[in-house]
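# Structural characterization, general
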Amino acid sequence: MTPSSASVAHASNNDFYADNEKLYVATDCIVFGFDEGDLKLLIFKRRVEPDSGIWSLIGSFVQLDEDVNDAARRVLKEITGLDEIFLEQSKTYGKADRDPGYRCLSVAHYALIRIDDYDKELVESHGAYWYTLKDLPKLALDHDQMVADALNKLRRKARQQPIGFELLPEKFTIPQLQQLYEAIYQRELDPRNFRKKVLSLKVLVKLEEKDKSGSKRGAFLYRFDAEKYQELLESGYNFEI
């Protein structure tokens, strides 16, 4: 019996995949949070070799039946209990010697979460902790480079889009918003110019409530108007800060 051309092609195709070397694909998550005027990063102590016991980003191998972005969302859900959060690919890391354990590519993602929203008991059960960027210990593998690249991407993104609101509580003051952008850019901003600029973006709604934790007079609270932002974005409005 002569095999059909289709079966021969199928067998040849299988041989092509079988005869080539394999590698793993992973995702590592750079999870940023904002707390008490500081930009923080969620890390944990690595539990597998190489570099077991060294502080590390949170990550996982990508499963055969899932997209890379879905793998990152799965990791974040497993660690923080959150799923509706800002998440974006940062960069792919593919140096041949980046992981001494095995040949492995990593697609890094950075996420922004409100630091009061996550499941604290779940995070602690995984041995994960928040560190300010200035106190960040040396991380495993090439994770230090991943953090630096993600922070640069966050800074570029924040300059063009108001993604900083992903890190703030629903109600916030202008000084709190300024503290956030100062933490992202790691430099001081002029209060008068910053206030004028952010109010000119037309995406803040002033509330009748005040935050009096800093002074008796207090500061008015604002909220981010997501619908207005979307309208302006679609019209081509420039949100540069």
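Cut-offs applied
Numbering of residues starts from 1 in each chain and follows the order in which that chain's sequence is written. Totals for whole chains, interfaces and linings use every residue, but because this is a predicted model, local features are given only for residues with pLDDT of at least 70 and side-chain atom pairs only at 80 or more, for both listing and counting. Here the side-chain values reflect all heavy atoms present in the structure, with hydrogen atoms and water set aside. All domain edges in this entry derive from an automatic or database-based domain assignment. Contact definition: two residues touch when any of their heavy atoms are within 4.5 Å. Note: buried area is the sum, over both parts, of the accessible area (probe 1.4 Å) each one loses when the two are combined. Salt bridges are identified by distance alone: a Lys or Arg side-chain nitrogen within 4 Å of an Asp or Glu carboxyl oxygen. Here a polar contact is taken to be a pair of N or O atoms separated by no more than 3.5 Å, where protein atoms must pair a possible hydrogen donor with a possible acceptor and residues adjacent in sequence count only if both atoms sit in side chains. Comment: elements are numbered from the N terminus, with helices defined as DSSP H or I runs of at least four residues and strands as E runs of at least two. Lys, Arg, Asp and Glu make up the charged group, whereas Ala, Val, Leu, Ile, Met, Phe, Trp, Tyr, Cys and Pro make up the nonpolar group; the residues left over, Gly among them, are polar. In this analysis, the expected span of each helix is defined as 1.5 Å times one less than the number of residues it contains. Every angle, taken between N-to-C directions, lies between 0 and 180 degrees, and every axis is a line fitted to C-alpha atoms, over only the stretch in contact when it is a helix. Angles are sorted into four bins: roughly parallel if under 35 degrees, roughly antiparallel if over 145, roughly perpendicular if 65 to 115, and oblique for all others.

## Some thoughts on the domain arrangement of the protein
- When cut into domains, the protein gives domain 1 (24–160) and domain 2 (165–235).
- Computed over C-alpha atoms, the centres of domain 1 and domain 2 are 27 Å apart.
- Between domain 1 and domain 2, the contact holds 15 residues from the first and 15 residues from the second.
- Across the domain 1/domain 2 interface, buried area totals approximately 1,300 Å², and carbon plus sulfur atoms make up 62% of it.
- Interface area lost by domain 1 to domain 2 is led by Phe34, Arg114 and Arg155, which between them contribute 46%.
- Applying the counting rule to domain 1 against domain 2 returns zero salt bridges.
- Our enumeration of links across domain 1 and domain 2 arrives at four residue pairs in polar contact (both at pLDDT 80 or more).
- Counting residues per element, the ones that place at least two in the side of domain 1 that touches domain 2 are strand 1 (24–35), strand 2 (38–45), strand 6 (104–114) and helix 4 (143–160).
- It is helix 4 that provides the largest number of residues to the side of domain 1 that touches domain 2, a total of five residues.
- Grouping the constituent residues of the side of domain 1 that touches domain 2 by class yields nine nonpolar, two polar and four charged.

## Observations regarding helix 2 (residues 68–80)
- The end-to-end C-alpha distance of helix 2 is 18 Å, a good match for the 18 Å that 13 residues give at a rise of 1.5 Å each.
- Gly81 lies just past helix 2 and shows a positive phi near 80 degrees.

## A short note on the packing of helix 5 (residues 174–185) against helix 6 (residues 191–200)
- Two numbers describe how helix 5 lies on helix 6: the axes approach to 10 Å, and their chain directions differ by 100 degrees. Our classification of the angle between helix 5 and helix 6 gives roughly perpendicular. On helix 6, the residues touching Ile174, Leu177, Gln178 and Tyr181 of helix 5 are Pro191, Phe194, Arg195, Val198 and Leu199.

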